[in-house]
Amino acid sequence: MVNITIDGQKVAVPKTSTVLDAALSLGIKVPTLCYHPELRVEGACRVCMVEVEGARSLVASCVYPVNEGMVVRTNTAAVREARKTVVELLLANHPTDCLSCQRNLNCELQTIAADVGVREIRFDGEKKNYPLDAKNPSLVRDQSKCILCGRCIRACSERQGVHVYSFANRGFNTTVVPAFDLGLDEVSCTYCGQCAAVCPTGAIVEKDDTEAVWAAINDSSKHVIVQTAPAVRVALGEALGLANGSIVTGKMVASLKRLGFDKVFDTNFSADLTIWEEGSELIDRLTNGGKLPMITSCSPGWVNYIELKYPDLLDHLSTAKSPQQMFGALAKTYYAEKVGIDPKDIVSVSIMPCTAKKAEAARPEMNSSGYQDVDYVLTTRELGRMIREAGITFNNLPETEFDAPLGVGSGAGVIFGATGGVMEAALRTVAKMVSGKELDNIEFEAVRGMNGIKEASVPLKEGLTAKVAIAHTLANARVILEKIRAGEADYHFIEIMACPGGCSGGGGQPIITSAEHRQKRIDAIYECDKCSELRKSHDNPAVKELYDTYLGKPLGEKSHHLLHTHYHP
Ligand code: HC1
């Protein structure tokens with residue numbers, strides 16, 4: 001340990017700490033911009049400057065190591081003036097269109113400008129004016145708002161191992177761009193949105209589809225239905241002023257009804273259906289010599305990644321569509337028939353924690369109903385904005401139930417939103433399918449938790465043990481894929497989710513500020529499961545009715561047509 005003094009307070013910290021770590025351990029707030037608690041430090045923005053006795057100049061606390069006996073001051077006149085000047089220089093060439101920016105009131109640059117006391121911008125800087133990169137369905141990049149903190153570069157490289165972004169040019173002309181300054185639609189972007197999730201400003205945001213959804217709601221000739229993904233219910237509250245990880249399922253349903261949706265359904269329903277189809281596919285592959293290990297296919301950022309980077313391994317992917325797309329296909333077939341509405345008059349909207357879901361819905365093959373199966377995908381953040389725009393006092397809303405029949409979901413469906421959850425949901429059902437017996441204990445602790453890669457051996461019945469693996473983030477997915485390529489992966493089944501923590505940490509969720517924040521959402525997901533009346537996908541009566549009255553059986557002809565897909569090398 002190393003003993004140092006900060007603002008007159010003594011503290012002992014590990015010798016590998018930075019001055020910022022030490023200050024944070026004392027509860028001293030130092031403003032930061034390029035620093036992100038879950039990414040490598042960069043020391044680029046210099047907003048976190050402090051005074052260290054004996055140092056020749058102010059130092060960037062996020063990269064400055066502690067030394068025995070060090071004396072630090074975080075609140076001197078020189079420190080305050082330096083921080084204010086740095087922020088003013090950033091604002092001097094920033095568009096400062098805060099009032100109409102998607103990140104208004106949720107922008108770190110805006111907050112820091114207020115915190116460090118910027119009341120005027122003394123420098124008349126040249127403004128940057130770059131064209132928008134908006135030709136893809138998921139994300140919009142506006143270089144004019146970029147402050148060159150490099151967080152997106154680090155998230156894409158370190159967290160995802162995808163390496164889409166890098167710095168280009170020098171001096172004032174420095175930019176953060178994909179290779180050759182191409183658009184995201186022209187490079188190996190998976191649309192996972194982790195760049196947007198760490199961007200401190202409005203330089204990378206989700207493509208906003210709220211206007212199109214308002215127009216559909218306002219069109220009286222349309223029947224507008226909405227599905228909500230498992231992970232939205234544990235994060236939406238954060239966008240509306242509630243504590244991190246608040247469970248807001250009932251209020252979310254009420255708010256969607258107030259917004260004017262005709263029916264509010266639950267993606268948990270089709271998550272349960274996915275387990276019937278994917279579980280049956282796994283058993284089929286195990287018994288008939290199919291390609292193993294089989295890998296989950298519900299996370300669209302992950303599917304984009306394997307298509308782009310490991311096309312030789314595509315036959316390992318389950319052919320089951322994601323729950324979003326299974327729901328979409330059924331909404332304009334089964335549901336349309338059941339309620340007697342022409343599918344051309346149905347507008348199917350989904351609320352997702354994910355930016356890649358927008359691209360998934362736009363895939364040309366996602367039209368098994370004869371129409372685009374899911375018309376619009378809104379992120380959790382977009383729904384939060386619509387609720388605010390409508391003037392709904394979210395916290396006062398009554399707890400409201402989903403509509404039947406596509407609103408019936410199990411606890412197994414809801415845990416899809418946490419890393420390991422799809423695997424756990426599948427094990428609950430596959431064990432029953434192969435043994436004919438219900439499990440005594442349905443909670444599989446071995447597949448839970450935040451380790452980047454988890455492995456477990458799970459007995460399914462006498463003489464049959466499933467060897468499984470789980471990875472979250474694309475950098476961890478790559479480790480598993482390399483093992484498969486090398487012939488060293490003797491697993492039967494693998495779950496891969498593109499985002500850290502699974503969908504609860506998706507690129508379309510309210511911005512996550514720390515690992516503890518992410519954990520609160522995951523705890524909330526498991527709480528939702530515990531409180532569910534139904535906890536196993538095979539107990540879902542609405543799914544049983546769907547098979548009895550419409551689909552026939554898992555992997556049957558109709559299921560194959562509506563619920564399964566193919567991939568593009
Ligand atoms: Fe997900 Fe899924 S869990 S992919 O993370 O399989 O986005 O929440 O909706 O489709 O159900 C996301 C979440 C979501 C699908 C399900």
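Residues numbered from 1 in each chain as written. Predicted model: local features only at pLDDT ≥ 70, side-chain atom pairs only at ≥ 80, totals over all residues.

Caption draft 1: Quick look at the overall build of the protein. The secondary structure content of the protein amounts to 19 helices and 17 strands. On C-alpha atoms alone, the protein measures out to a radius of gyration of 25 Å, which is about the 25 Å that the 2.2 N^0.38 rule sets for 569 residues. With the C-alpha coordinates aligned to their principal axes, the bounding extent of the protein is approximately 75 × 60 × 50 Å. Residues counted as buried form 50% of the 569 residues belonging to the protein. Sequence separation of at least 24 residues holds for 74% of the intrachain contacts in the protein that already meet a minimum separation of 6. (Helix = DSSP H or I, 4+ residues; strand = E, 2+ residues; numbered from the N terminus. Rg over C-alpha atoms; globule rule 2.2 N^0.38 Å. Buried ≥ 20, exposed ≤ 12 C-beta atoms within 10 Å, placed from the backbone. Contact = placed C-beta atoms within 7 Å.)

Caption draft 2: Focus on the site of the ligand. Near the ligand you find 19 residues, and of these Ala 229, Ala 231, Cys 298, Cys 354 and Cys 503 are the closest. Mapped onto the shell around the ligand, the elements with two or more residues apiece are helix H9 (267–288) and helix H11 (323–339). Of the residues that constitute the shell around the ligand, the class distribution is 11 nonpolar, 7 polar and 1 charged. (Near = placed C-beta within 6 Å. Nonpolar A, V, L, I, M, F, W, Y, C, P; charged D, E, K, R; others polar.)

Caption draft 3: Seen up close, the domain arrangement of the protein. When cut into domains, the protein gives domain 1 (2–90), domain 2 (96–204) and domain 3 (211–563). Its C-alpha centre places domain 2 at a distance of 30 Å from the equivalent point of domain 3. The interface is formed by 18 residues belonging to domain 2 together with 22 residues belonging to domain 3. Elements with a contribution of two residues or more to the side of domain 2 that touches domain 3: helix H4 (151–159) and helix H5 (194–198). Among the elements that take part in the side of domain 2 that touches domain 3, H5 stands out by supplying 3 residues, more than any other. Its residues placed into classes, the side of domain 2 that touches domain 3 shows 7 nonpolar, 9 polar and 2 charged. (Domains from an automatic or database assignment.)

Caption draft 4: Seen up close, the sheet that holds strand S12 (residues 294–295). Spatially, S12-S17-S16-S15 is the arrangement adopted by the 4 strands of the open sheet, whose pairing is mixed. If you trace the sheet from one side to the other, it starts and ends with S12 and strand S15 (453–461), each paired once. In terms of strand pairing, S15 meets strand S16 (residues 464–472) through 8 bridges, oriented antiparallel. Of the residues in S16, the one forming a bridge with Glu 455 is Ala 469. (Pairing = 2+ DSSP bridges.)

Caption draft 5: Seen up close, the environment of Asp 315. Tracing the backbone shows Asp 315 in the loop between helix H10 (300–309) and H11. Exposure remark for Asp 315: the 11 C-beta atoms within 10 Å place this residue in the exposed category. Distance in space between the C-alpha atoms of Asp 315 and Pro 293 is 9.7 Å, their sequence separation being 22 residues.

Caption draft 6: Up close: the sheet that holds strand S14 (residues 376–379). If you trace the 4 strands from one edge of the open sheet to the other, you get S11-S10-S13-S14, paired in parallel fashion. Both edges of this open sheet fall to strand S11 (263–266) and S14, since each of them pairs with a single strand only. Each strand of the sheet is rotated relative to its neighbour by a mean of 25°, with strand direction disregarded. Sheet topology places strand S13 (residues 346–352) next to S14; 4 bridges connect them, and they run parallel. Pairing of Ser 350 across the sheet is with Val 377, part of S14. Of the strands in this sheet, strand S10 (223–228), S11 and S13 touch H9, which is tilted by about 35° from S11. (Axes fitted to C-alpha atoms, helices over the stretch in contact; angles between N-to-C directions.)

Caption draft 7: The packing of H9 against helix H15 (residues 421–435), seen in detail. Remark: H9 packs on H15, axes separated minimally by 9 Å, with the N-to-C direction vectors making an angle of 55°. In terms of orientation, H9 lies oblique with respect to H15. Here H9 and H15 pass one another in a crossing that is right-handed. Note on element contacts: H15 touches H9 through Ala 425, Ala 426, Thr 429, Val 430, Met 433 and Val 434, opposite Ile 275, Glu 278, Gly 279, Leu 282 and Ile 283. (Parallel < 35°, antiparallel > 145°, perpendicular 65-115°, else oblique. Left-handed = near helix turned anticlockwise from the far one by under 90°.)

Caption draft 8: Structural view of the environment of Val 303. Mapped onto the elements, Val 303 comes out in helix H10. Looking at Val 303, the number of C-beta atoms within 10 Å reads 26, which means it is buried. Residues Val 303 and Met 497, spaced 194 residues apart in sequence, show a C-alpha to C-alpha distance of 9.2 Å. Those residues in contact with Val 303 that sit more than four places away from it in its chain are Ser 297 and Tyr 567.

Caption draft 9: Just H4, in detail. By the criterion of burial, H4 is predominantly enclosed, with 7 of the 9 residues buried. Every buried residue of H4 is accounted for by Arg 151, Cys 152, Ile 153, Arg 154, Ala 155, Cys 156 and Arg 159. The first or second residue beyond H4 is Gly 161, which carries a positive phi of 65°.

Caption draft 10: Local environment of the pairing of S11. Of the two faces of S11, the one carrying Lys 263 and Phe 265 and the one carrying Val 264 and Asp 266 are both buried. Here S10 pairs with S11 via 4 bridges, running parallel. Residue pairing across strands places Ile 225 opposite Lys 263, the latter belonging to S11.

Caption draft 11: Representation of the packing of H9 against H11. Taken N-terminus to C-terminus, the directions of H9 and H11 make an angle of 105°; their axes are 8 Å apart at the nearest point. It follows from the interaxial angle that H9 and H11 lie roughly perpendicular. On the side of H9, the interface is formed by Thr 267, Phe 269, Ser 270, Ala 271, Leu 273 and Thr 274, while H11 contributes Pro 323, Gln 324, Met 326 and Phe 327.

Caption draft 12: Structural detail: the nonpolar core. Formed by 160 residues in total, the largest nonpolar core has its most connected members in Val 19, Cys 152, Cys 195, Trp 302, Val 468 and Ile 525. Residues contacting Val 468, with those up to four places away along its chain left out, are Met 423, Val 447, Ala 456, Val 458, Tyr 491, His 492, Phe 493 and Ile 494. (Core = buried A, V, L, I, M, F, W, Y, C linked by C-beta atoms within 7 Å.)

Caption draft 13: Unusual backbone geometry, seen in detail. Of the consecutive residues Leu 292 and Pro 293, the connecting peptide bond is found in the cis state with omega at -10°. For the bond running from Ala 404 to Pro 405, omega is -5°, close enough to zero to count as cis. In this structure, Pro 405 sits in the loop between helix H13 (380–389) and helix H14 (411–414). Its identity as a non-glycine residue notwithstanding, Leu 555 has a phi of 65°, on the positive side. Along the polypeptide, Leu 555 turns up in the loop between helix H18 (541–551) and helix H19 (557–563). You can call Leu 555 partly exposed: it has 18 C-beta atoms within 10 Å.

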